[in-house]
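Residues per chain are reported as follows:
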Amino acid sequence: MRLFTTAVVLSAMSMLTPRVAAAQNRGSVDLISGFSLNQGTSLVGGNSFSSGMNFAGQVGVNLTPGFEVIGEVGRIGNVLPSYTSALLSFSPYDIQASALYAEGGVKALLAPRATVSPYVESTAGVARMNLRIGGISATDADLLNLGLGLVSRTSPLASVGGGVMVRSGRMTFDVGYRYKKIFARDLVSSLIGVGQSLNSQQVTFGVGFRF
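Everything numeric here is computed off the predicted structure, so don't read it as measured data. (Residues numbered from 1 in each chain as written. Predicted model: local features only at pLDDT ≥ 70, side-chain atom pairs only at ≥ 80, totals over all residues. Heavy atoms only, no water.)

**Q** So what exactly am I meant to see when it comes to the overall build of the protein here?
**A** Looking only at helices and strands, the protein features four helices and eight strands. In the protein, which comprises 211 residues, the share counted as buried stands at 43%. The long-range fraction of contacts in the protein, counting pairs at least 24 apart against all pairs at least 6 apart in sequence, stands at 71%. (Helix = DSSP H or I, 4+ residues; strand = E, 2+ residues; numbered from the N terminus. Buried < 20%, exposed > 50% of the residue type's maximum accessible area, 1.4 Å probe, protein only. Contact = heavy atoms within 4.5 Å.)

**Q** Explanation requested: the side chain of Glu 68 in the structure shown.
**A** The topology assignment puts Glu 68 in strand β3 (residues 67-76). With a relative accessible area of 2%, Glu 68 lands in the buried category. Of the polar contacts made by the side chain of Glu 68, one reaches the side chain of Arg 210; its length is 2.5 Å. Once residues lying within four places of it in the same chain are set aside, the contact partners of Glu 68 are Ser 28, Gly 60, Val 61, Asn 62, Gly 105, Val 106, Lys 107 and Arg 210. (Polar contact = N/O pair within 3.5 Å; in protein donor to acceptor, adjacent residues only side chain to side chain.)

**Q** Which parts of the structure should I look at to understand the nonpolar core?
**A** Looking at soluble globular proteins, one finds that nonpolar side chains tend to be buried together. The biggest cluster of nonpolar side chains holds 16 residues, and the ones touching the most others in it are Val 79, Ala 97, Tyr 101, Ala 127, Ile 182 and Leu 198. Sorting the residues of this core by element identifies β4 (94-109) and β5 (116-134) as the ones contributing at least two each. Among the elements that line this core, the one with the most residues is β4, at four residues. (Core = buried A, V, L, I, M, F, W, Y, C linked by side-chain atoms within 4.5 Å.)

**Q** Just to check I follow, could you spell out the confidence of the model for the protein for this structure?
**A** Per-residue pLDDT for the protein averages 76, and the proportion of residues at 70 or more is 60%. Mean pLDDT per element in the protein: helix α1 (residues 2-16) is the minimum at 46, and β3 is the maximum at 96. Overall, residues 2-23 carries pLDDT values under 50, and its contacts beyond four positions in sequence, including any with other chains, amount to 23 contacts. (pLDDT = per-residue confidence, 0-100.)

**Q** Teacher, can you tell me more about the packing of aromatic side chains here?
**A** Within a pair of aromatic rings, the relevant descriptors are the distance that separates the centres and the angle that separates the planes. Within this structure, the stated rule accounts for zero aromatic pairs. Over the ring of Tyr 119 we find Lys 107; its NZ or CZ atom is 5.0 Å from the centre of that ring. (Phe/Tyr/Trp six-rings, centres within 6.5 Å; stacked < 30°, edge-to-face > 60°. Lys NZ or Arg CZ within 6 Å of the ring centre and 35° of its normal.)

**Q** Looking at this model, I keep getting lost on the pattern of salt bridges. Mind explaining?
**A** Here the idea is simple: oppositely charged side chains can pair when their charged atoms come close. For the structure on display, the rule yields five salt bridges. For Glu 68, the salt bridge is made with Arg 210, and the minimal N-O distance between the two is 2.5 Å. A residue pair is termed long-range when its members are at least 10 positions apart, and Glu 68 in strand β3 and Arg 210 in strand β8 (residues 198-210) qualify at 142 residues. Classification of Arg 210 as buried rests on a relative accessible area of 2%. Among the charged side chains, a salt-bridge network with shared partners connects Glu 72, Lys 107, Glu 121 and Arg 178. (Salt bridge = Lys/Arg side-chain N within 4 Å of Asp/Glu carboxyl O.)

**Q** Explain a nonpolar patch on the surface here, please?
**A** Among the surface-exposed residues, Val 29, Leu 31, Val 59, Val 61, Val 166, Met 171, Phe 173, Val 207, Phe 209 and Phe 211 lie close enough to one another that they form a single nonpolar patch of about 810 Å² accessible area. Residue assignment for the nonpolar patch shows that the elements contributing at least two residues are β1 (27-36), β2 (53-64), β7 (171-182) and β8. The class of Leu 31 is exposed, set by a relative accessible area of 57%. (Patch = residues over 30% accessible without salt bridge, like charges linked within 9 Å, V, L, I, M, F, W, Y side chains within 5 Å. Areas by Shrake-Rupley, 256 points an atom, 1.4 Å probe, with all protein chains shown as cover.)

**Q** Is there a simple way to think about the pairing of β3 in this case?
**A** Side-chain alternation along β3 places Glu 68, Ile 70, Glu 72, Gly 74 and Ile 76 on a buried face and Phe 67, Val 69, Gly 71, Val 73 and Arg 75 on a face that remains uncovered. Bridge count for β2 against β3 is nine bridges, and the pairing is antiparallel. Its bridge partner being in β3, Ala 56 is matched across the sheet by Gly 74. Where β2 hands over to β3, the hairpin turn is made up of two residues, of which Gly 66 adopts a positive phi near 90°. (Pairing = 2+ DSSP bridges.)

What follows is the structure, encoded as structure tokens:
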């Protein structure tokens, strides 16, 4: 009910805001950053705020007003489930699981010609996880991280999200929420996930250019 009420309020705001007078854009380029809500911290070293940050670049091509095909590449700073992160906070080891990804999908703007517009997006692609373990000797860490790198595999990725975009001329600014899930089935992913899926719940901030 709360999400429905928020969506209604945002849609009403978009209808009341001034309309953008510029001609229909052909596409967009966006830089996106943010942090994972499931970020954890261990007792040794810990996952710093910078290591848990997410970064991405997105390109969109308009199909119809308010409807874009998008492609995106980026890095997820932390894909550990919140339960695993909580357990690791009592561990003497610093375990960090990030992922590089590439994906494509669609984005829909609820008020494409308004100054303020809610949007939703859905994407799918692939991700490769990078697992690092600290808190042990340098030699053991190098050997362990090498072994983990050899068993890492590319896995399917799916994502849904939404937010609010504000236009200022051809520049855009947005804030949103994303949920990304990695469908990994290898042994390492099963162990660090403790039976839970590898995912990232993100608060995102973006700046873009419409062309």
